[in-house]
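# Summary of structural features
Residues per chain, in single letters:
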Amino acid sequence: MRILLVEDDPDLSRQLKLTLGDAGYAVDHAPDGEEAQFLGETEPYDAVILDLGLPKVDGVSVLERWRRGNVATPVLILTARGAWSDKVAGFDAGADDYLAKPFHTEELLARLRALLRRSAGHAAPSLSCGALRLDPRAARASVNGEPLRLTSLEYRLLHYMMMHQGRVIGRTELVEHLYDQDFDRDSNTIEVFIGRLRKKLGADRIETVRGLGYRLAPLPGEDNA
């Protein structure tokens, strides 16, 4: 899952990028409202963490412009402004959640997971696809109760496909949501990671839809109970 972090404090930005990366997210960073607005309009993020007190353009204005431009990406506001009126202004501008500074990173990650679940239509905190289970809280996956050993990119790929299971996902979409802006993107590498996942999940669990992409779905006879 790919996240846009909009924060002008260099120390906090570095800390959050490390924390989010360790939790399995690809992270782009914007230090001001102008760059944030551009990235939010041109890149397909799964969620945005948005500070309100930004240089150049304030966070509420950025969010209002995104929503006027039909950018529907879920937004978690992160700010030192604790007044109820600031919270109301953020929600009225189109925010989905709000977290005041100072905060615990565990709470930020929990709110982000909930935001991503809601946006993808999932209610339970863990994801299932037949015998395949994934727990975003622990960044772990298993098949029939047996833990899977996954690299960070394999985990990102599996996480994204499980969030959108049953739907055909193209290689370009996978590249856009797996890698941050600075990564040397090559859609051909997706085939490599799909092949690795098939060896670990079972060859039939990820279907190739010729000319369109890949689909993750329960095997015949399985359900998501």
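Residues numbered from 1 in each chain as written. Predicted model: local features only at pLDDT ≥ 70, side-chain atom pairs only at ≥ 80, totals over all residues. Heavy atoms only, no water.

Looking now at the overall build of the protein. When its secondary structure is counted, the protein shows eight helices and eleven strands. In summary, the protein has a C-alpha radius of gyration of 18 Å against a globular reference of 17 Å for 225 residues, a match within 12%. Taken across its 225 residues, the protein has 47% of its residues classed as buried. Sequence separation of at least 24 residues holds for 59% of the intrachain contacts in the protein that already meet a minimum separation of 6. About 10900 Å² of surface is accessible on the protein, with carbon and sulfur atoms providing 48% of the total. (Helix = DSSP H or I, 4+ residues; strand = E, 2+ residues; numbered from the N terminus. Rg over C-alpha atoms; globule rule 2.2 N^0.38 Å. Buried < 20%, exposed > 50% of the residue type's maximum accessible area, 1.4 Å probe, protein only. Contact = heavy atoms within 4.5 Å. Areas by Shrake-Rupley, 256 points an atom, 1.4 Å probe, with all protein chains shown as cover.)

Once that is clear, we can look at the packing of helix H3 (residues 59-68) against helix H4 (residues 84-93). Viewed as axis vectors pointing N to C, H3 and H4 meet at an angle of 20°, and their least axial separation amounts to 8 Å. The orientation of H3 with respect to H4, classified from their angle, is roughly parallel. Taken as a pair, H3 and H4 cross one another with a handedness that is left-handed. Between H3 and H4, the contacting residues are Val60, Leu63, Glu64 and Arg67 on the first element and Ala89, Gly90 and Ala93 on the second. The residue makeup of the contact of H3 with H4, split by class, is four nonpolar, one polar and two charged. (Axes fitted to C-alpha atoms, helices over the stretch in contact; angles between N-to-C directions. Parallel < 35°, antiparallel > 145°, perpendicular 65-115°, else oblique. Left-handed = near helix turned anticlockwise from the far one by under 90°. Nonpolar A, V, L, I, M, F, W, Y, C, P; charged D, E, K, R; others polar.)

Looking now at the packing of helix H7 (residues 171-178) against helix H8 (residues 188-201). It is the contact of H7 with H8, at a shortest axis distance of 9 Å, that shows an interaxial angle of 85°. The angle between H7 and H8 places the two elements in the roughly perpendicular class. Judged by residue contacts, Arg171, Leu174, Val175 and Leu178 of H7 engage Asn188, Ile190 and Glu191 from H8. Looking at the contact of H7 with H8 residue by residue, the classes come out as four nonpolar, one polar and two charged.

Another point: empty space enclosed by the protein. If you walk through the whole model with that rule in mind, you get one cavity of 30 Å³ or more. Forming the walls of the largest cavity are Tyr25, Arg113, Leu116, Arg117, Pro125, Pro136, His159 and Met163. Looking at the lining of the largest cavity residue by residue, the classes come out as five nonpolar, one polar and two charged. (1 Å grid on protein atoms, 1.4 Å probe; cavity = no way out; pocket = protein on both sides within 12 Å on 5 of 7 lines; lining within 4 Å. Points joined across faces, edges and corners; volume = space filled by probe spheres on them.)

This part takes up the packing of aromatic side chains. Going through the model one piece at a time under the given rule, you end up with one aromatic pair. Ring centres of Phe91 and Tyr98 lie 6.3 Å apart, and the angle between their planes is 40°; this geometry places the pair in the tilted category. (Phe/Tyr/Trp six-rings, centres within 6.5 Å; stacked < 30°, edge-to-face > 60°.)

Attention shifts here to the environment of Glu154. Among the secondary structure elements, Glu154 is positioned in helix H6 (residues 152-163). Judged by its relative accessible area of 2%, Glu154 falls in the buried class. On a C-alpha basis, the gap between Glu154 and Val192 in space is 9.9 Å, while along the polypeptide they are 38 residues apart. Setting aside its immediate chain neighbours within four residues, Glu154 contacts Arg149, Phe193, Arg196, Leu197 and Lys200.

This paragraph deals with the pattern of salt bridges. A complete count under the given rule lists 14 salt bridges for this structure. Taking the shortest distance from any N to any O, the salt bridge between Glu107 and Arg111 comes out at 2.9 Å. Taken together, the residues Glu107 and Arg111, both in helix H5 (residues 105-120) and four residues apart, mark about one turn of the helix. Here Arg111 falls in the partly exposed class, since its relative accessible area comes to 26%. Where Glu191 meets Arg171, a salt bridge forms, and the shortest distance between an N and an O atom there is 2.7 Å. Note that Glu191 is positioned in helix H8 and Arg171 in helix H7, a separation of 20 residues in sequence. The partly exposed category is assigned to Arg171, whose relative accessible area is 29%. If you follow the salt bridges from partner to partner, you end up with Arg2, Asp28 and Glu43 in one network. (Salt bridge = Lys/Arg side-chain N within 4 Å of Asp/Glu carboxyl O.)

By size, the foremost hydrophobic cluster in this structure holds 49 residues, and its most contacted members are Tyr25, Ile49, Leu132, Leu158, Met161 and Leu174. For this core, the element with the most residues is H6, which contributes eight residues. Beyond its immediate chain neighbours, meaning those up to four positions away, Ile49 contacts Ile3, Leu4, Leu5, Val6, Leu20, Leu76, Leu78, Leu108 and Leu112. Within the second largest apolar cluster, 21 residues are counted, among which are Leu39, Tyr45, Val75 and Ala93. (Core = buried A, V, L, I, M, F, W, Y, C linked by side-chain atoms within 4.5 Å.)

Paired through backbone hydrogen bonds, the strands of a sheet run either parallel or antiparallel to each other. Strand order in this open sheet of five strands is S2-S1-S3-S4-S5, and the pairing throughout is parallel. Edge strands, defined here as strands with exactly one partner in the open sheet, are strand S2 (26-30) and strand S5 (97-100). In this sheet, neighbouring strand axes are inclined to one another by 20° on average, regardless of whether the strands run parallel or antiparallel. Its contacts with the sheet place helix H2 (residues 33-42) against strand S1 (2-6) and S2, and it is angled at close to 140° to S2. (Pairing = 2+ DSSP bridges.)

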